[in-house]
Amino acid sequence: DTEVTQTPKHLVMGMTNKKSLKCEQHMGHRAMYWYKQKAKKPPELMFVYSYEKLSINESVPSRFSPECPNSSLLNLHLHALQPEDSALYLCASSQDPGGWSEQYFGPGTRLTVT
Amino acid sequence: SQQGEEDPQALSIQEGENATMNCSYKTSINNLQWYRQNSGRGLVHLILIRSNEREKHSGRLRVTLDTSKKSSSLLITASRAADTASYFCATDANDMRFGAGTRLTVKP
């Protein structure tokens, strides 16, 4: 199984809502990532989990809160978002952290903040 | 922050032609990777080239790496309409950084 799954595919939320994005992989990968991608722009790294521990937080606002409950799951909790947070949120995993191996990406969650 | 910079930003060719995309980066790397992204979807890994390699092939793809010039190129030979996508280079440098990407359009 070389698939990374993400749910939901689409999410519309108001600025006062709390929601969560979910990501799952069953490849035994030891690193998992959250990226944010705006239209016609490259993915921007948000968070990196290495061996279930947060290893990189790219100065992301606290309204985004990552969680790694176990080695297969990665969540991104959203609270009090702004319209400019509307984007495609991509999850990825890799065998090794630190860019040493290829990353497998999920299809993304298209988030719209109203 | 972005590490790699691709050029051209957009490329339009006819089916059967070759497409060449370039990537430049700023800091030392352990490896460089190329990814493809179809519109609004997740990225697909194409090829990884390590810093001690100069060239790598995978099917119709050929990647070169020149660490002295801090640059890489991706060549797609005999392009097909299905190759229409955005192509990104990504460097590790401790964590993955993607370049701005090249939007390739292959006309049938």
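In this numbering scheme, every chain counts its residues from 1 along its sequence in written order. The order in which chains are written sets their letters, starting at A; the order in which ligands are written sets their numbers, starting at 1. Side-chain atom pairs in this predicted model are given and counted only at pLDDT of 80 or more, local residue features only at pLDDT of at least 70, and totals for whole chains, interfaces and linings cover all residues. The basis for the side-chain values is all heavy atoms of the structure; hydrogens and waters are excluded.

(A) Quick peek at the overall build of chain B. We count a stretch as a helix when DSSP gives it H or I for four or more residues in a row; a strand needs E for two or more, and each element gets its number in order from the N terminus. Across its full length, chain B carries 0 helices and 11 strands. Listing each helix as α and each strand as β along chain B from the N terminus yields β-β-β-β-β-β-β-β-β-β-β. Expressed along its principal axes, the backbone C-alpha trace of chain B runs to roughly 40 × 25 × 20 Å. Note on contacts: a residue pair qualifies if any of its non-hydrogen atoms lie within 4.5 Å across the two residues. Taking as baseline every contact in chain B between residues at least 6 positions apart, the subset at least 24 positions apart corresponds to 53%. Shrake-Rupley sampling with a 1.4 Å probe provides the accessible areas, and residues are treated as covered by the protein chains on show and by no other component. As presented, chain B carries roughly 5,100 Å² of accessible surface, and 43% of it is formed by carbon and sulfur atoms. Computing the positive centroid from 14 side-chain charges and the negative centroid from 11, chain B places the two 2 Å apart. When charges are counted, Lys and Arg contribute as positive and Asp and Glu as negative, whereas His and the chain ends are disregarded. Where a charge sits is defined by one atom per residue type, namely NZ (Lys), CZ (Arg), CG (Asp) or CD (Glu).

(B) Examining the overall build of chain A more closely. Scanning chain A for helices and strands turns up 0 helices and 11 strands. In chain A, the succession of α and β elements from N to C terminus is β-β-β-β-β-β-β-β-β-β-β. Taking the principal axes of its C-alpha atoms as reference, chain A extends roughly 35 × 25 × 25 Å. Each residue is placed in one exposure class: buried if its accessible area under a 1.4 Å probe, protein chains only, is under 20% of its type's maximum, exposed if it is over 50%, and partly exposed if it falls in between. A burial count over chain A gives 48% of its 114 residues as buried. A separation of at least 24 residues holds for 55% of the contacts in chain A among residues at least 6 apart in sequence. Of the roughly 5,500 Å² that chain A leaves accessible, carbon and sulfur atoms contribute 50%. Where the 12 positive side-chain charges of chain A centre and where its 11 negative ones centre are 9 Å apart.

(C) Spatial organisation of the sheet that holds strand β3 (residues 18-25) of chain A. All names here are of chain A. Taken in spatial order, the 4 strands of this open sheet run β1-β3-β8-β7, and their pairing is antiparallel. A single partner strand is all that each edge strand has here, and the edge strands are β1 (4-7) and β7 (64-70). When strand polarity is set aside, the average angle formed by the axes of neighbouring strands in this sheet is 20°. Taken together, the 4 bridges between β1 and β3 define a ladder with antiparallel strand orientation. Only when DSSP finds a minimum of two bridges between them are two strands counted as paired. For helices, the fitted axis covers only the stretch in contact; all axes are lines through C-alpha atoms, and the angles between them, taken along N-to-C directions, range from 0 to 180 degrees.

(D) Broad picture of the pairing of strand β2 (residues 10-13) of chain A. All names here are of chain A. Every second residue of β2 is oriented toward a common face, the buried set being Leu-11 and Met-13 and the non-buried set His-10 and Val-12. In terms of strand pairing, β2 meets strand β11 (residues 109-113) through 4 bridges, oriented parallel. Of the residues in β11, the one forming a bridge with His-10 is Arg-110.

(E) Expanded view of the environment of Val-60 of chain A. Residue and element names in this part refer to chain A. Along the chain, Val-60 turns up in the loop between β6 (53-57) and β7. When its relative accessible area of 17% is taken as the criterion, Val-60 is described as buried. Sequence spacing of Val-60 and His-10 is 50 residues, and the spatial spacing of their C-alpha atoms is 21 Å. With near-sequence residues (within four places) excluded, Val-60 lies in contact with Met-46 and Phe-47.

(F) Spotlight on the nonpolar core. By nonpolar core is meant a set of buried Ala, Val, Leu, Ile, Met, Phe, Trp, Tyr and Cys residues that side-chain atoms within 4.5 Å join together. Of all hydrophobic cores here, the largest spans 23 residues; its most connected members are Trp-34, Phe-64, Leu-76 and Leu-78 of chain A. Only β2, β3, β4 (31-37), β5 (44-50), β7, β8 (73-79), β9 (87-94) and β11 of chain A provide two or more residues apiece to this core. Core analysis: the second largest hydrophobic core is formed by 21 residues, Ile-49, Val-63, Leu-74 and Tyr-87 of chain B among them.

(G) Just the pattern of salt bridges, in detail. By definition, a salt bridge exists where a carboxyl oxygen of Asp or Glu is found within 4 Å of a side-chain nitrogen of Lys or Arg. Applying the stated rule across the entire model yields 7 salt bridges over all chains. We note a salt bridge from Arg-97 of chain B to Glu-58 of chain A, for which the minimum N-O separation is 2.9 Å. Separated into two different chains, Arg-97 of chain B in strand β10 (residues 97-98) and Glu-58 of chain A in the loop between β6 and β7 make up a pair that spans both. When its relative accessible area of 15% is taken as the criterion, Arg-97 of chain B is described as buried. Close ionic contact of Arg-63 of chain A with Asp-85 of chain A constitutes a salt bridge, the shortest N to O distance being 2.7 Å. With Arg-63 of chain A in the loop between β6 and β7 and Asp-85 of chain A in the loop between β8 and β9, this residue pair connects regions lying 22 residues apart in the sequence. Where salt bridges share partners, they join Lys-36, Arg-63 and Asp-85 of chain A into one cluster.

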